[in-house]
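What the coordinates show
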Amino acid sequence: MKKLSIRMKITLWFGMVLALMVVLTYTVLISISGSMMQKQLQNNLAVTVEDNVDEVEYYRAFPVNKIDNGTDLYLNYGTGYLEIDDDFLDKVNGIYTGLYMEDNSLVYGENPIAKSLTETPFQDGQMQKLTVDGEDWYVFDRQLVTAGLEGLWLRGTVSAAEGHLQLSAIVRFSLVLMPILMLLAVFGGYLIAGRFLAPVKQITQTAAQIGQGSDLKRRIGLTDGKEDELHELANTFDAMFERLETSFETERQFTSDASHELRTPMSVILAECEYTLEQTRTPAEYEDAMQVIYRQGRKMSRLIEDMLMFTRMERRADAFSMQRLDFSELVESVCEDMRYVSEKGISLETEIAPGVSVMGNRDLLARLLTNLLTNAYRYGREHGHTVVTLCGDADEVKLSIADDGIGIPAKDLEKIFLRFYQSDAARNGNGTGLGLAMAREIAEFHGGKLFAESTVGEGSTFFLILKKADA
Ligand code: ADP
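Residues numbered from 1 in each chain as written. Predicted model: local features only at pLDDT ≥ 70, side-chain atom pairs only at ≥ 80, totals over all residues. Heavy atoms only, no water.

1. A few points about the domain arrangement of the protein
The assigned domain composition of the protein is domain 1 (6–167), domain 2 (229–313) and domain 3 (320–467). Put simply, the middle of domain 1 and the middle of domain 2, counted by C-alpha atoms, are 108 Å apart. (Domains from an automatic or database assignment.)

Structure below.
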């Protein structure tokens, strides 16, 4: 059997609940209104019989002056006459009323079950229930007490089925109305469920298209302004697709830039080899060629190492254990090492507050510091100065590395942190264009910030802000 859709399941569920409610309502309705109708019927019977009490009168002599409209009935009774008023209700709404003598003989009126009641004694003002031929009947008697009428009884009878007849009219009405209402509710629910669930189809299609990699730019884009759960879900998906696209794009860009960066030194190596091998060269020429190949090889090696570092940091964050470490001591020791490799006679001065701790990875932070200090040397001026300052307040650790070198134009202050970005002047140097991108990545990996301030021709200062270990 084909799997049921959510829409169908919801509709079936509500349909079944409604059907159950209808059946329950019928049952309750029938039982409550059944007993109400029977009470009502007994009440009507008693009232009809009571009303008829005043419609019977006794006259000693024939009341000649009363015979005006000829509609009242006169019967000989004893030594006088009985007058049965034309208002006497002998048969109304299934209720029969009869006028009886004490010995159960009928004087006037009707009684459909008279034969069965010959043995039933009169009981004044009592409601009796009898079963005649399998059918229930109510019987109500009233003794007439007005002078001259003593010994006469009024007996009212009505079949209990009269109550059922009235009841069935209500039930019949609801029998027709309730299923119609139920069908309307189920059909309406089916339509509404369809409308509410429509975005799901759109979400599935978009996710499938993106999943197949056909179009990363696709979005679900529910723009009808509604604010239900499915719209929220669709918007969350769209935000996720946006991030995925950006991340794929960055990845693609990185791969393309990396290949491009590797191609340059490789081309130089190949060209140098081809040139050198064209003819026999002197040992000095071979040495020159080897120098070129070595430099380019080292550049490629640095590039590959940096790229691997990025990948490790992005793919396996757990590869770098974090621990509480004395950042003052780390900065001091990196500066000590860097003093030995100082270029262009640049001096390295430090102002390091002692005992500043951070939570971090020693190797990564050392790499970040080395990258910044290498740049300070690389882009510093001859016999210039580099000043490293470290201080910490209650929450933060602030490190600055200031040089008095070439400086960075304001428009490039953010670009320098992009992967493979290099100023034109730096292109032919030893750099890979990955140093600052990696430094920022390491800072963010530690939940910190890295940014620069600079004045062209005067120098640059790089700031690293990290959270203090105890903060
Ligand atoms: P590179 O390997 O080229 O140094 P980086 O990512 O470390 O790559 O730096 C990117 C660019 O930022 C450099 O090419 C250079 O133009 C600029 N830059 C970095 N540090 C400094 C600095 N201290 N002074 C001036 N320019 C700098």
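2. A few points about a nonpolar patch on the surface
Together, Phe173, Leu175, Val176, Leu177, Ile180, Leu181 and Leu184 line one region of the surface with nonpolar side chains, adding up to about 680 Å² of accessible area. Among the structural elements, Val176 can be located in helix 2 (residues 161–211). (Patch = residues over 30% accessible without salt bridge, like charges linked within 9 Å, V, L, I, M, F, W, Y side chains within 5 Å. Areas by Shrake-Rupley, 256 points an atom, 1.4 Å probe, with all protein chains shown as cover. Salt bridge = Lys/Arg side-chain N within 4 Å of Asp/Glu carboxyl O. Helix = DSSP H or I, 4+ residues; strand = E, 2+ residues; numbered from the N terminus.)

3. Digging into the site of the ligand
Around the ligand, the surrounding shell holds 20 residues, and the nearest of these are Asn375, Tyr379, Gln422, Ser423 and Leu436. Thr432 is positioned with one of its backbone polar atoms (N or O) 2.8 Å from an oxygen atom of the ligand. In terms of residue class, the shell around the ligand is made up of nine nonpolar, nine polar and two charged. (Near = heavy atom within 4 Å. Polar contact = N/O pair within 3.5 Å; in protein donor to acceptor, adjacent residues only side chain to side chain. Nonpolar A, V, L, I, M, F, W, Y, C, P; charged D, E, K, R; others polar.)

4. Notes on the sheet that holds strand 1 (residues 56–59)
Backbone hydrogen bonds hold the strands of a sheet together, and the pairing may be parallel or antiparallel. Here we have three strands laid out as an open sheet, ordered 1-3-2, and antiparallel in their pairing. Edge positions in the sheet fall to strand 1 and strand 2 (73–77), since each has one partner strand and no second. Averaged over all neighbouring strand pairs, the angle between strand axes comes to 25 degrees, with direction disregarded. As paired elements, strand 1 and strand 3 (residues 80–84) share four bridges and run antiparallel to each other. Bridge pairing in strand 3 links Tyr59 to Tyr81. (Pairing = 2+ DSSP bridges. Axes fitted to C-alpha atoms, helices over the stretch in contact; angles between N-to-C directions.)

5. Examining helix 7 (residues 435–445)
All buried positions along helix 7 are accounted for by Leu436, Ala437, Met438, Ala439, Arg440, Ile442 and Ala443. At its buried positions, helix 7 is contacted by helix 4 (283–315), helix 6 (362–378), strand 15 (449–455) and strand 16 (459–467). Backbone geometry just after helix 7 places Gly447 at a positive phi near 75 degrees. (Buried < 20%, exposed > 50% of the residue type's maximum accessible area, 1.4 Å probe, protein only. Contact = heavy atoms within 4.5 Å.)

6. Here's the deal with the sheet that holds strand 14 (residues 396–403)
What the five strands build is an open sheet, ordered 11-13-14-16-15; its pairing is mixed. Of all the strands in the sheet, the pair left with one neighbour each is strand 11 (347–352) and strand 15. In this sheet, neighbouring strand axes are inclined to one another by 15 degrees on average, regardless of whether the strands run parallel or antiparallel. Direction of pairing for strand 14 relative to strand 16: antiparallel, over a ladder of seven bridges. For Leu399, the partnering residue across the bridge sits in strand 16 and is Leu464. Lying on the sheet, helix 7 is in contact with strand 15 and strand 16; it crosses strand 15 at an angle near 135 degrees.

7. With respect to the packing of helix 6 against helix 7
As a packed pair, helix 6 and helix 7 sit with axes 9 Å apart at the nearest point and diverge in direction by 145 degrees. Regarding helix 6 and helix 7, the two cross each other, and that crossing is left-handed. Contacts between helix 6 and helix 7 pair Leu364, Leu365, Arg367, Leu368, Asn371, Leu372 and Asn375 from the former with Gly435, Leu436, Met438, Ala439, Ile442, Ala443 and Phe445 from the latter. For the contact of helix 6 with helix 7, the per-class residue count stands at ten nonpolar, three polar and one charged. (Left-handed = near helix turned anticlockwise from the far one by under 90°.)

8. So, the pairing of strand 3
Here strand 3 lies mainly inside the structure; four of its five residues are buried. The sheet contact formed by strand 2 and strand 3 spans five bridges and is antiparallel. The residue of strand 3 that forms the bridge with Leu75 is Leu82. Hairpin connection of strand 2 to strand 3: two residues between the antiparallel strands, including Gly78 at a positive phi of 60 degrees.

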